[in-house]
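Structural overview
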Amino acid sequence: MLLKNLRPVSKTHKGDEITDIRIVDGIIKEIGADLKPSKDEEVKDFGGAYVSPGWMDMHVHLREPGFEHKETIKTGTDAAAFGGFTAVACMPNTKPATHTRDVVEYIIKKAEDTPVHVHPIGCVTKDRAGKSIAEMADMKDGGAVAFSDDGDPVYNSQVMRVALEYSSMLGMPIINHEEDLELSRPGHMNEGKVSTRLGLDGTPGIAEETMIARDILLAEYTGGHIHVAHISTAKGVDLVRQAKKQGINVTTEVCTHHFDLTDEEIDRQKFNTNFKMHPPLRTQEDVDAMIEGLVDGTIDVICTDHAPHAIEEKEVEFIYAPNGILGLETAWAITNMRLLQTKKLDLQQLVEKLCYNPRGILNLPELKIEEGAEANLTFFNTDEEWTFDLKNVRSKSKNSPYLDTKLTGRALGIFNKGQLHLNELK
Amino acid sequence: MSDSVSDYEFNHKHLLGLADYSKEDILYVLDQARSFREILDRPVPKVPTLRDKTIVNLFYENSTRTRLSFELAQKRMGADVVNFSSSNSSTKKGESLKDTIRNISSMKIDMVVVRHESPGVPHFLTQCVDAAILNAGDGAHEHPTQALLDMFTMQQIHQNLKGKKIAIIGDIAYSRVVRSNMIGLKKLGAEVVLCGPKTLMPPFVKEYGVEVSYDLEETLAWCDVAMALRIQLERQGNATELFPSLREYHERFGIKLEHLDKYPDFKIMHPGPINRGVEMESEVADSERAVILDQVTNGVAVRMAVLYLLSGGNRV
C-alpha cells in the first residue's frame, strides 16, 4: 500500500516535509518523495496531511465487561480509532472489576478483532475495595500495563504504601485517582464562585491536592512510581512540578476538557450534565496552569478519561447524574485548538504527550516512522473545520460536552494491525 | 413612593430564578402583587383570572407553607390544580423525572410549579416540556417566590428598598432563600449583610456584593430588617457538623428579647418554619416587631401575581 503526500511528525520529523510511505504486510517498507505505485498497489493520497506514530489514550473506560449498555470494547475502540488513537489503556472499574488475570485476558481477547490495541489496567486492590492488593504480578503476565482503582482513590495510606512497593518490584506504575473523599463529598462540581451561585455542593481543589501530596511522599519513601490521574488544579500541578525537581518518580496526565473548559460552563449550559465529571471542571486559573504544566513538561500526557454513560443515566437531575464524559472522538480537535493553534506547544511536543510519553510510562515499545518499523500510525490535519454532531459520535453513549460544537482539526484515520482505517464524517 | 413601573412589557415565560429577572421585572411583579394583595382583603377573595388554566404542583421535597400558598393562590384565581408529591427521588426507583413530567404534560398542563432537592431541575424541565415552569425551590440554588414575598414585605415597611439595610442571619450556605434574596435585594439597591458562623457561609459569597459579619450585635445595630433563616436541624448529628451545638448557636446568633430594646428600629422576618429558641426567642417571634405572618399572607399575593404574569394574562 502506498500512502502519498504525508508530513511525518515524530522525534526525528518536524512535520515540515512532504513524503510518501510504502507499507507492505504492516511494515514500513519505504519512505521517500514521489514513490511510484507498483502494479495493483493500493494508493491513498493524503494531500499533505500529517502522520505521526500512533497515539495512545492511557485513560479510558471501555465499560466491558459489565456495563455494555454504556460502551463495549467494539464501540469504544471505534471511538478511539475515530479520534486517531491506535492504542488505549482501559480502566478496571468493570463488573467484575479487572482485578484478576482472567479479566485482563478477556479484555485483550475481546479487543483482538478491533483496529486498536487495548491495554488493560488492573486493579490495585481486590474488587477495587481498597483493602488489600490484587494479584499484580499475575495480571502483568496476562498483559496489564499499570494498576489503578480509578473511579475511587486508593484511600488507605498503608495499602497505597504496599501497592507502591509491590508494583515497583514489577516496574509498573500505580495510577491513583486523587481524591480525599471526606473533603470532596458530596460535591457535584468544583467548589468556588460558580458552585456558590448555583447552590451545588462543591468539591474543593484541596480534596485532590492533599491526596497528590500524600502520594508524592509515599512514592518518595517507597521508590514506587506514582502516576497522578487526571490532574486538574493549579496547586496539584505545582506539587508534581516540585516533586519532579526532587527526582521523585511521579508522572501525570491531563484530560482535554481540563485545559479547555471551566466551571462557568455549568452555569452557562444551564446544569447540562454533560459538563459533570470527576475531577470537575475547575477555574480559568487552573486551566491556565494545565497549559503551563504541559508546556514546561510537568504534565507528561494528554488523555481523555473517556467515560461513557447511557442517555437515561445522564438525562436526570444534576445531583443524581453520574460523573464522566466522552473524550476520544474530540481529543485531537481540543488539543489542536487549545495548544497548537495558540502556539503553546508545537507538533513534536504534542506527539510526545499523545504517543511517546504514555507509552513510556506504561513500558510499551517506542514507535518509529522509519523503514523496517511496524506501521502504527495516526493521520491528522490541523485546519479542517467540522462539527461533532450526534451522527458522528462513535461511542455507544452520547455524553459529550462538545456535541454540536464547531471544532478545528480532525484525525483522518489510523494504520494499525496491518490495516488502514479511514474516518469518514457522516 | 415605591419605584413602580407602569405599562411595562413583561416577557418571561418561566420563573426559574431571580438571576434571570431584571430590576424592572422584579418591581413589576411586586407592583402586580399589590393589586392581588387587595383582593385577598375582599369578602370573597377570588378572581377568575386562571379559570382556563391547569396547573400541576410537583413537589419532590417536603413543603407545607410554599405548597399551600401556591395552591391557595391558584384556587383563588380559579385554576384547575393537581398535586404530585413524592419524597422519593424518581431516579432512585422507577420512572425518571423526564418521563414523569412528559407524562403529566401530555395531560395538557399549562404551568408547573416544582420543588426539588437538585439545583437546576426547573431548568431541566424547560427542556422536557412546553409548559411554564415556576421554581418553588431547587436545592440550595433559588427560591424566587420566597424572595419576592420577602421584598414585598420589606416594601410594606420601607416602600423603596434602595439603600435599605438588610441583614440575613443563620444558615447561609444551604439556603436557597438567601441566594434569591441576595440577587433580588442587590438589584433593588439594598445593602445586605450576612451574619452567621463562618462554617455556614459559602465560599466566595462576597461575589454577590454583600458583606459578611460574624457579630450579631453589630449586625442588629446596623440593620433595618433582620431576616433569620432556619437552622436545618436535620443536618445536626452528622459526622461533620458545621457548628458545635444549638446552644452555642443560639447564644451567639439567636435574636433575643433584649435586642429589641437595645436596637429599637429593626423589623424581624423569617421564611419559616421557625425553630423557636434557636434562631430567635419565642417572645421575639411573637413580638410586634416581627412581620413573619405578614410574609405568609403576602406570599399568596405574590404567587398570584407570578401565576398571572406567567399565564400570559398581562399580554391579552
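Residues numbered from 1 in each chain as written. Chains lettered and ligands numbered in written order. Predicted model: local features only at pLDDT ≥ 70, side-chain atom pairs only at ≥ 80, totals over all residues. Heavy atoms only, no water.

Another point: the overall build of chain B. Tallying secondary structure elements over chain B gives 11 helices and 9 strands in all. Considered along the principal axes of its C-alpha atoms, chain B spans approximately 55 × 50 × 35 Å. The contacts in chain B between residues at least 6 apart in sequence include a share of 73% that link residues at least 24 apart. For chain B, the exposed surface amounts to about 13500 Å²; the carbon and sulfur share of it is 46%. Distance between charge centroids for chain B: 4 Å, based on 38 positive and 42 negative side chains. (Helix = DSSP H or I, 4+ residues; strand = E, 2+ residues; numbered from the N terminus. Contact = heavy atoms within 4.5 Å. Areas by Shrake-Rupley, 256 points an atom, 1.4 Å probe, with all protein chains shown as cover. Lys, Arg positive; Asp, Glu negative; His and termini not counted. Charge placed at Lys NZ, Arg CZ, Asp CG, Glu CD.)

Once that is clear, we can look at the interface of chain A and chain B. Across the boundary between the two partners, chain A contributes 17 residues, which contact 26 residues of chain B. It is Thr196(A), Glu317(A) and Tyr320(A) that lose the most area in chain A upon contact with chain B, and together they represent 34% of the buried surface on that side. There are 2 salt bridges connecting chain A and chain B. We note a salt bridge from Glu315(A) to Lys98(B), for which the minimum N-O separation is 2.7 Å. Applying the counting rule to chain A against chain B returns 7 residue pairs in polar contact (both at pLDDT 80 or more). For the side of chain A that touches chain B, a count of residues per class yields 7 nonpolar, 3 polar and 7 charged. (Buried area = accessible area lost by both parts, 1.4 Å probe. Salt bridge = Lys/Arg side-chain N within 4 Å of Asp/Glu carboxyl O. Polar contact = N/O pair within 3.5 Å; in protein donor to acceptor, adjacent residues only side chain to side chain. Nonpolar A, V, L, I, M, F, W, Y, C, P; charged D, E, K, R; others polar.)

Let us now look at the domain arrangement of chain A. Residues and elements named next belong to chain A. For chain A, the assigned domains read domain 1 (2–51 + 372–422) and domain 2 (55–361). With centres defined by C-alpha atoms, the gap from domain 1 to domain 2 works out at 26 Å. Contact with domain 1, which involves 38 residues of that partner, is made by 51 residues of domain 2. With both sides pooled, the region where domain 1 packs onto domain 2 buries about 3500 Å², and carbon together with sulfur makes up 61% of that total. Inspection of the domain 1/domain 2 interface yields 31 residue pairs in polar contact (both at pLDDT 80 or more). With 4 residues, the top contributor of residues to the side of domain 1 that touches domain 2 is strand S19 (residues 411–416). By residue class, the composition of the side of domain 1 that touches domain 2 is 13 nonpolar, 16 polar and 9 charged. (Domains from an automatic or database assignment.)

Residue and element names in this part refer to chain B. Reading across the sheet, the 4 strands line up as S2-S1-S3-S4 and stay open at both edges, with parallel pairing between neighbours. The sheet is open, and its two edges are formed by strand S2 (80–85) and strand S4 (132–138), each paired on a single side. Each adjacent strand pair in this sheet contributes to an overall mean axis angle of 15 degrees, direction not counted. Lying on the sheet, helix H11 (residues 292–310) is in contact with strand S1 (54–59), strand S3 (111–116) and S4; it crosses S4 at an angle near 150 degrees. (Pairing = 2+ DSSP bridges. Axes fitted to C-alpha atoms, helices over the stretch in contact; angles between N-to-C directions.)

Counting 94 residues, the largest nonpolar core has Trp55(A), Phe147(A), Ile174(A), Ile231(A) and Phe259(A) as its most contacted members. If you count residues domain by domain, this core takes at least three from each of domain 1 (2–51 + 372–422) and domain 2 (55–361) of chain A. In this structure, Phe10(B), Val47(B), Ala73(B) and Phe152(B) belong to the second largest nonpolar core, which totals 64 residues. (Core = buried A, V, L, I, M, F, W, Y, C linked by side-chain atoms within 4.5 Å. Buried < 20%, exposed > 50% of the residue type's maximum accessible area, 1.4 Å probe, protein only.)

Of note, the bond from Arg185(A) into Pro186(A) is cis; its omega dihedral lies within 30 degrees of zero at 5 degrees. Structurally, Pro186(A) is set in the loop between helix H5 (181–184) and strand S11 (189–190). Between His278(A) and Pro279(A) the backbone carries a cis peptide bond, its omega angle lying at -5 degrees. By the secondary structure assignment, Pro279(A) is in the loop between helix H9 (264–268) and helix H10 (284–296). One non-glycine residue, Asp404(A), lies in the positive phi region at around 65 degrees. Mapped onto the elements, Asp404(A) comes out in the loop between strand S17 (385–388) and strand S18 (405–408). Accessibility expressed as a relative area gives 57% for Asp404(A), which makes it exposed. With a phi angle near 65 degrees, Lys108(B) is a residue other than glycine that sits in the positive phi range. Given a relative accessible area of 66%, Lys108(B) falls into the exposed group.

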